[in-house]
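# Residue-level structural notes
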Amino acid sequence: MIVQLITVIILAIALLLMAWAVFRTLKRPMPRVLMPLIIASTAIGYGIYNEYTWESRTLDKMPDTIVVAESHEGTSMFSPWSYLIPRTDRMMLVDKASIRRHPDHTDFVMVDLLLMQRFSPVAKVRQLVDCRSGNRADLRAEPVFDEQGLPMDLDWKTLDASGKLLEVTCF
């Protein structure tokens, strides 16, 4: 947040200096209302830019093995323009390098999901996906396995058919 505040201040100063230079070149006094207008529009404009480019800027920094499984758009009453064009607030990423298949049960895939939300730390969740039935279950840190090598006592949930998690993990 502090970096964004500093960026807005530097941008506002740069725009104020450009406006001052234009009026100085024209040999006219700069209108007094122009300074707060430039500062306010810079803050709002940078805030909108920052909101709408968060997803692309974040994904550009990720390695090639990261794939977006789901994106969730959001709105806010503090940014009324988001009702017209929703912005991405959170996303679920699959690390394709973490995908592991059970040698005896090829329908089961273990994968690490990265849950990202703006202004929140990244959460890493290990999941077991059943590619045949289209179900998923969260794995505990220390799973208990049965004789066949499969984790026991899992809370299976049906995957949404429109989601990409099944497509990405079960390729």
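Residues numbered from 1 in each chain as written. Predicted model: local features only at pLDDT ≥ 70, side-chain atom pairs only at ≥ 80, totals over all residues. Heavy atoms only, no water.

### Remarks on the packing of aromatic side chains
Tallying each qualifying case throughout the model produces 2 aromatic pairs. Ring geometry for Tyr46 against Tyr49: centres 5.9 Å apart, planes inclined by 40°, an arrangement best described as tilted. Separated by 3 residues within a single helix, Tyr46 and Tyr49 lie in helix H2 (residues 34–52), roughly one turn from each other. Under the relative-accessibility criterion, Tyr46 is labelled buried at 17%. Ring geometry for Phe108 and Trp156: centres 6.1 Å apart, planes at 50°, overall tilted. (Phe/Tyr/Trp six-rings, centres within 6.5 Å; stacked < 30°, edge-to-face > 60°. Helix = DSSP H or I, 4+ residues; strand = E, 2+ residues; numbered from the N terminus. Buried < 20%, exposed > 50% of the residue type's maximum accessible area, 1.4 Å probe, protein only.)

### A word on the pairing of strand E2 (residues 87–95)
Where burial is concerned, most of E2 is hidden: 7 out of the 9 residues are buried. Sheet analysis places strand E1 (residues 66–74) next to E2, joined by 8 bridges and oriented antiparallel. When the sheet's bridge partners are listed, Gly74 is paired in E2 with Arg87. Looking at chain direction, E2 and strand E4 (residues 108–117) are connected through 5 bridges and run antiparallel. By the bridge assignment, Val94 is partnered in E4 with Leu113. (Pairing = 2+ DSSP bridges.)

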